[in-house]
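# Descriptive structure summary
Given next are the chains, with one letter for each unit.
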Amino acid sequence: MKRKLSSSKGMTILEVLVALAVFAMVSVALLSSMNNQVFGLQLLENKTFATIVADNQLTDLKMRSILPSASWVTGEEKLADRTWYFRYKALETADDAFMAIDMQVHATKEYDDPIVTIRTYIYTKK
């Protein structure tokens, strides 16, 4: 009596290794994407808070009717449990009735690589 060999229903070792390799590549791509997303959120948070600081300082200048000088004026503001360092200066425009103000917000006191730079224009004639 001859026995009939039954066909195997499992996976070969090669198929298992290929499946593991595909899973590993997909996992690395997913982790990299998640890391980029977290970094992007931190950057967005920093830019948002730095923009709030710049807006606060420009509003303060306008409310106190301060016209800045042509040299950098520096300061710091506490917001969201951090100290933000800002600086601003005035720039001449083609029209004498207007003045440009550049406002920069930095994460460090060295004032290198600003997080946000805003230029606004104010009317100076009364």
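Residues numbered from 1 in each chain as written. Predicted model: local features only at pLDDT ≥ 70, side-chain atom pairs only at ≥ 80, totals over all residues. Heavy atoms only, no water.

Applying the stated criterion across every chain yields a total of 2 aromatic pairs. Both rings, one in Phe-86 and one in Tyr-88, keep their centres 6.4 Å apart while their planes meet at 10°; by these two values the pair is stacked. For the pair Phe-86 and Tyr-88, one class covers both residues: buried. Relative to Tyr-123, the ring of Phe-98 has its centre 5.4 Å away and its plane inclined at 65°; by these criteria the two rings are edge-to-face. Here Tyr-123 lies in strand S4 (residues 116-123) and Phe-98 lies in strand S3 (residues 98-106), a separation of 25 residues in the sequence. For Tyr-123, a relative accessible area of 55% corresponds to the exposed category. The ring centre of Trp-84 lies 4.0 Å from the NZ or CZ of Arg-82, which sits over that ring. One residue, Arg-87, lies across the ring of Trp-72, its end atom 4.2 Å from the ring centre. (Phe/Tyr/Trp six-rings, centres within 6.5 Å; stacked < 30°, edge-to-face > 60°. Buried < 20%, exposed > 50% of the residue type's maximum accessible area, 1.4 Å probe, protein only. Helix = DSSP H or I, 4+ residues; strand = E, 2+ residues; numbered from the N terminus. Lys NZ or Arg CZ within 6 Å of the ring centre and 35° of its normal.)

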